[in-house]
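Survey of secondary and tertiary structure
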Amino acid sequence: MFKKNITELAQALQAKNISSLELTQLYLGRIKEFNPTLNAVITLCEETAIKQAKAADTLLSKGNTHPLLGIPLLHKDIFCTKDIKTTCASKMLDNFIAPYNASVVEKLNDCGMVTLGKVNMDEFAMGSSNETSYYGAVKNPWDLQKVPGGSSGGSAAAVAARLAPVATGTDTGGSIRQPASLCGITGLKPTYGRVSRWGMIAFASSLDQAGPMTQNANDAALLLNAMMGSDEKDSTSLILPEEDVCRKLTDSIQGLKIGIPKQFTIEGLDADIEKSIQDAIKVYEKLGATITEVDLPYLDLSIPAYYVIAPAECSSNLSRFDGVRFGYRCENPIDLQDMYKRSRSEAFGAEVKNRILIGTYALSAGYYDAYYIKAQKIRQLIKHNFDDAFKQVDVLLSPSSPTTAFGLGEKTNDPVAMYLSDIYTIGANLAGVPAMSIPCGFSKGLPVGLQLIAPALKEAELLNYAHQYQLQTDWHLKIPEQFS
């Protein structure tokens, strides 16, 4: 049963072949068995899950047919969950129990989904390997000596190992798509503003976006339908008509125009990954798509622009963690200044401190215009590049990551190499457009991810392109042998 996707599980629940309680207990058992190996789950919510599963079974017995009713899931530990610890994988919030639910959590609760627990991540979502967590690194289920990617590495590893059928994630510069690629699952970053950020602990507010991490595009569509929607509590939430992003899944893609950005043919791209991408292109061509090279001339500047903008926003957002109202406070401070300094220095990890320092520097007098304003101008140029490209093609196609999963500790002492892990993904965040990663092959036993990028608000079309590919391939059905 644990190998089934959301649609199959929903059918089993509706047919009374299994109860939500039985399904929940199955996944709780898998977490207890395999989490000591993977370190993917920080907090197991057994009591809450059992209660929610029983409530779902009551609704199912009354004929409720919501496609997510009774389905278990895991939440990235960046989403506030009422009466459940929310840590952001940081010592700073190790004792924080949120008094409310994030909007995403509330929406999925309203659908009758069952919260199994909270999953590991890079501290405050800062990282590309899930090695910056206060609770230790997450392991990749395909090779326990490799990283799962980050920052949503716990979500990706948990879904890949089938500790849950689906999980929530967040994507600031690729943090859904890159770990989805490295763990061989499907991950979707929606258009900026599609999904409310309220109750989602902020890293970089103009870039952060929540999204689903699932086994396939059909599941991602079902979860996005439930997650998205305007929210008066989030001023950046888009006010849009209600929409069903599942509506186009079965449409033909005959005549689809696919653009291949020439900037994505970079030195250092693994040959096996390039072959997998070429094989995927052939699948699309067989389905009636045409391929065109497109030019995104400013895309090469996406990483330097991002690593000014994101740290600047992080510097501002993380100033609230000062040891005063909530979170970690140092012992026996001498005075207020001592409390601020020691609380922050003792509770933040090295990567978080690095980004706060970079961001504070970029925002300081004398450097604001030279760095931050210039980075924002580059961001606008990148957005215009995407707008121009989408006048020629329907979707952009690229690898999700320049490499497959790399070794634990391999890049921890080389931040530039670590930051380059997001070279294919950051552009979509800067432009605010939807993008997703789907499995498209293997290289030396490790998954390869294919990235698709669509114009803003075209999630239904994007999911259609991914779903049609997955109908022709079986990469998304693969499960790591140790967990199957």
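Right above here is the structure, for reference.
Calculation rules
- Residues numbered from 1 in each chain as written.
- Predicted model: local features only at pLDDT ≥ 70, side-chain atom pairs only at ≥ 80, totals over all residues.
- Heavy atoms only, no water.
- Phe/Tyr/Trp six-rings, centres within 6.5 Å; stacked < 30°, edge-to-face > 60°.
- Helix = DSSP H or I, 4+ residues; strand = E, 2+ residues; numbered from the N terminus.
- Lys NZ or Arg CZ within 6 Å of the ring centre and 35° of its normal.
- Buried < 20%, exposed > 50% of the residue type's maximum accessible area, 1.4 Å probe, protein only.
- Contact = heavy atoms within 4.5 Å.
- Lys, Arg positive; Asp, Glu negative; His and termini not counted.
- Salt bridge = Lys/Arg side-chain N within 4 Å of Asp/Glu carboxyl O.

**A word on the packing of aromatic side chains**
- One pass over the structure, following the stated rule, counts 18 aromatic pairs.
- Look at Y100 and W198: their rings are 4.9 Å apart centre to centre, the planes differ by 40°, and that puts the pair in the tilted class. With a gap of 98 residues between them, Y100 in the loop between β2 (72–76) and α4 (103–110) and W198 in the loop between β5 (186–189) and β6 (209–214) connect regions that are remote in the sequence.
- By the ring-pair criterion, three or more aromatic residues cluster together here, those being F96, F124, F321, F326 and F348.
- A cation over an aromatic ring shows up here: R30 above the ring of F2, its NZ or CZ 3.7 Å from the ring centre.
- Against the face of W198 rests K233, its NZ or CZ located 4.8 Å from the ring centre.

**Points about the environment of G117**
- Relative to the helices and strands, G117 is located in strand β3 (residues 114–119).
- For G117, a relative accessible area of 0% gives the class buried.
- Each residue touching G117, except ones within four places of it in the same chain, is listed here: T43, L44, C45, L73, L74 and H75.

**Let's talk about the side chain of D57**
- Following the sequence through the fold, D57 ends up in helix α3 (residues 46–61).
- Buried charge D57 goes without a salt bridge, the closest partner of opposite sign being K16 at 8.2 Å.
- In this view, D57 contacts S19, S20 and L21; residues no more than four positions away in its chain are not counted.

**Considering the pattern of salt bridges**
- In total, this model carries 17 salt bridges according to the counting rule given.
- The partner of R194 in a salt bridge is E243, with the nearest N and O atoms 2.8 Å apart. Highlighted residues: R194 in the loop between β5 and β6 and E243 in the loop between α7 (217–227) and β7 (257–261), separated in sequence by 49 residues.
- By relative accessible area, which is 4% here, R194 ends up buried.
- The closest approach of N and O atoms between E461 and K248, which form a salt bridge, is 3.9 Å. You can see E461 sitting in helix α15 (residues 459–472) and its partner K248 sitting in the loop between α7 and β7, a full 213 residues away along the chain.
- Taking the relative accessible area as the measure of exposure, K248 reaches 24% and is therefore partly exposed.
- Each of R194, E243, R247 and E459 takes part in one network of salt bridges that share partners.

Fair warning: the whole summary comes from geometry, so function is off the table for now.
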